[in-house]
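Listed here are the chains, written in short residue letters.
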There are 2 protein chains.
Amino acid sequence: MGSDNPASAENQQERLIRIGWVIGFVDGEGCFSIGFVRQPNRRSRRGYKTGFQVSHSFVVVQGAASVSALHELADFFGVGSVGINRRHDNHKEDLYRYTVARRDDLLRVIIPFFEQHPLRTAKQADFEKFWECVELCKAGRHLTTTGLIEIARITETMNHRKPRTHLIRILRGHTPNTLDAG
Amino acid sequence: MGSDNPASAENQQERLIRIGWVIGFVDGEGCFSIGFVRQPNRRSRRGYKTGFQVSHSFVVVQGAASVSALHELADFFGVGSVGINRRHDNHKEDLYRYTVARRDDLLRVIIPFFEQHPLRTAKQADFEKFWECVELCKAGRHLTTTGLIEIARITETMNHRKPRTHLIRILRGHTPNTLDAG
């Protein structure tokens, strides 16, 4: 239907406002996160020989009273899921989180959306680093120690994170592995 | 210009996405706040005979790295201003705030915008209570003790606030005024 159809024009307006809402809400509440999970007993398995696994997730957390906004995000993107947050951080209400962690969902849906519709806060820089890390994983770089160090170096500057010095020293074999999770 | 003009159509798209961005960003980062400021030495002046003044403000706070997003809000609404935040809360970077506090700006610009474009989180309920308080002020209710109690009662349920029991007891004359600010 063309824009001569008033109902269609209204849907188109709603759609554009919704796109904007997603950008703004993620500017405020979204988190692009790269984690390092120790897998000490699985080094013989494919993909675990470094002793660490990389996790990548796009997360938005809200209190129970605003869980409908998370479902709106899930409906909008058509990937990921809404679940209760295990961390409560002393809040008075239950927290919920919308999470997209599957690499294919990130590469096919989340990253192209924010590539086309850039964030308008400093979170855009975090998104670009996140994107770089996911691409490195896609290329298999996370399966090698040098690749893991490269990813750790990028994440050092994301989300006000602390330096990854200890993790990087372990990966380089300069220090015993005493991390439970990096 | 009509929608046949491609440049105009693109501007219209941009405008709708920007409207959505403002809604989403405020859903994430906005705060509708009502305060009670003690004015103990000005009771003889018009508007201060209750000993308290009501403040009302729409505020969005960001770190220095995202101050451009606050300027985008200021440009969008055409009212309010961006300034440095006096409270640092132990953050590593300076905080900035976009504030609209003038009653006329709230009634003429901010409230009508969010009336037309509702928030999609629990913050919508805070906005509606804020709106009610600003309307009570517009009607002069904040200049009377009963009106101030009415406003205090509404704010008790806003922004996860604690009860206003102490302020309300002072206003009712049941307890000596020991508040510096309610």
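What counts and what doesn't
Each chain has its residues counted from 1, following the order in which its sequence is written. Chain letters start at A and ligand numbers start at 1, both assigned in the order the entries are written. A pLDDT threshold of at least 70 governs which residues receive local features in this predicted model, and a stricter bar of 80 or more applies before side-chain atom pairs are shown or counted, although totals over entire chains, interfaces and linings include all residues. Remark: hydrogens and water are excluded; side-chain values derive from all non-hydrogen atoms of the structure. We place the copies in one frame by least squares, fitting the C-alpha atoms of every residue whose pLDDT is at least 70 in both. Contact criterion: two residues are considered in contact whenever any of their non-hydrogen atoms come within 4.5 Å of each other. A pairing counts as a salt bridge when a side-chain nitrogen of Lys or Arg comes within 4 Å of a carboxyl oxygen of Asp or Glu. The helix and strand labels rest on DSSP assignments: H or I over at least four residues marks a helix, E over at least two residues marks a strand, and numbering proceeds from the N terminus. Paired strands, in this sense, are two strands between which DSSP finds at least two bridges. Interaxial angle, 0 to 180 degrees, is taken between N-to-C directions of lines fitted to C-alpha atoms, where a helix line uses only the stretch in contact.

J.: What exactly am I supposed to notice about the relation of the copies chain B and chain A here?
T.: Comparison of the two chain copies shows a relationship of rotation about an axis with a shift along it. Mapping chain B onto chain A is achieved by rotating through 180° and translating by 0.0 Å along the same axis, at an RMSD of 0.0 Å. Both copies are brought into coincidence by an operation consistent with a two-fold rotation axis. Of the interface residues in chain B, 100% have counterparts in chain A that sit at the interface too, so the contact is made through matching surfaces.

J.: Would you take a moment to explain the pattern of salt bridges for this structure?
T.: Where charged atoms of side chains with opposite charge meet at close range, the side chains can pair. Inspection of the entire model under this criterion finds 15 salt bridges over all chains. Between arginine 108 of chain B and aspartate 104 of chain B there is a salt bridge; the shortest N-O distance is 3.3 Å. Separated by 4 residues within a single helix, arginine 108 of chain B and aspartate 104 of chain B lie in helix H3 (residues 103-116), roughly one turn from each other. In this structure, a network of salt bridges that share partners links the residues Arg102, Asp104, Asp105 and Arg108 of chain A.

J.: Would you explain the sheet that holds strand S1 (residues 30-38) of chain B in this entry?
T.: Think of a sheet as strands paired side by side through backbone hydrogen bonds, with each pair either parallel or antiparallel. Residue and element names in this part refer to chain B. Spatially, S1-S2-S4-S3 is the arrangement adopted by the 4 strands of the open sheet, whose pairing is antiparallel. Both outer strands of the open sheet, S1 and strand S3 (81-84), are each paired with one neighbouring strand and no more. Strand-to-strand, the axes of this sheet are offset by a mean angle of 40°, without reference to chain direction. Bridging between S1 and strand S2 (residues 52-63) involves 9 bridges; their strand directions are antiparallel. Paired with cysteine 31 across the strands is valine 59, a residue of S2.

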